[in-house]
Amino acid sequence: MPGQRKRKRQRQDEAQRAAARFAPAAGRWEVLFETRDESEWRAHMRRLRASDTRIDWTAVRVDTLCGRLTQPTTFRLSLFVPAAMPDPDLDSST
């Protein structure tokens, strides 16, 4: 198909950028909300999308931890928090 190679390269480039942006050295994932009730999960997500405009939705991870008989399914919303960059003006070596 025409353009398939270009689309594949674009997807690979996007995946590499995301991997670099969310690398362990770049910050950490902070859990915002976790529940075992799916209806509560959906209601919380609707409220967040409607009210909280400070959330960068490109840096949000939605995890569904599938349960079995011993552990029920858990729904988790995490936000990526970038690591604090050291301020070059506060360099203690000078």
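To be clear, the structure that these remarks concern was listed above.
The paragraphs below set out a description of the structure included in this document. All values derive from a computational prediction rather than experimental measurement.

**Remarks on the packing of aromatic side chains**
1) Next: Tallying each qualifying case throughout the model produces five aromatic pairs.
2) Next: Here Trp29 and Phe80 contribute two aromatic rings whose centre-to-centre distance is 5.2 Å and whose plane-to-plane angle is 70°, an arrangement assigned as edge-to-face. Pair noted here: Trp29 is in strand 1 (residues 27-35) and Phe80 is in strand 3 (residues 74-82), with a separation of 51 residues, a long-range link.
3) Next: Classification of Trp29 as partly exposed rests on a relative accessible area of 27%.
4) Next: Note on Phe80: relative accessible area 9%, which makes it buried.

**Section: the sheet that holds strand 2 (residues 60-65)**
1) Next: If you walk across this open sheet you meet the three strands as 1-3-2, and the pairing is antiparallel. In this open sheet, the two strands that pair with only one neighbour each are strand 1 and strand 2. The mean angle between the axes of side-by-side strands here comes to 30°, regardless of whether they run parallel or antiparallel.
2) Next: Pairing geometry for strand 2 and strand 3, over six bridges, is antiparallel. Directly across from Arg61, in strand 3, lies its bridge partner Ser78.
3) Next: Relative to strand 3, helix 2 (residues 38-51) is tilted by about 35°, and along the sheet it contacts strand 1, strand 2 and strand 3.

**Here's the deal with the nonpolar core**
1) Next: With eight residues, the main nonpolar core is built from Phe33, Trp41, Met45, Leu48, Ile55, Val60, Phe75 and Leu77.
2) Next: The set of elements that each furnish at least two residues to this core consists of helix 2 and strand 3.
3) Next: The element best represented in this core is helix 2, accounting for three residues.
4) Next: Leave out the neighbours within four places in its chain, and Trp41 touches Phe33, Thr35, Val62, Phe75, Arg76 and Leu77.

**With respect to the pattern of salt bridges**
1) Next: Across all of its chains, the model carries five salt bridges by this definition.
2) Next: Here Arg42 ties to Glu38 by a salt bridge, and the two come within 2.7 Å at their closest N and O atoms. Placement of the pair is Arg42 and Glu38 together in helix 2, with a separation of four residues, close to one helical turn.
3) Next: Looking at Arg42, the relative accessible area reads 47%, which means it is partly exposed.
4) Next: Residue class for Glu38 comes out partly exposed when judged on its relative accessible area of 37%.
5) Next: Between Arg61 and Asp63 there is a salt bridge whose closest N-O contact spans 3.2 Å.
6) Next: On the accessibility criterion, Arg61 (32% relative accessible area) is partly exposed.

What counts and what doesn't
Residues numbered from 1 in each chain as written. Predicted model: local features only at pLDDT ≥ 70, side-chain atom pairs only at ≥ 80, totals over all residues. Heavy atoms only, no water. Phe/Tyr/Trp six-rings, centres within 6.5 Å; stacked < 30°, edge-to-face > 60°. Helix = DSSP H or I, 4+ residues; strand = E, 2+ residues; numbered from the N terminus. Buried < 20%, exposed > 50% of the residue type's maximum accessible area, 1.4 Å probe, protein only. Pairing = 2+ DSSP bridges. Axes fitted to C-alpha atoms, helices over the stretch in contact; angles between N-to-C directions. Contact = heavy atoms within 4.5 Å. Core = buried A, V, L, I, M, F, W, Y, C linked by side-chain atoms within 4.5 Å. Salt bridge = Lys/Arg side-chain N within 4 Å of Asp/Glu carboxyl O.

By themselves, these observations are geometric and do not establish any function.
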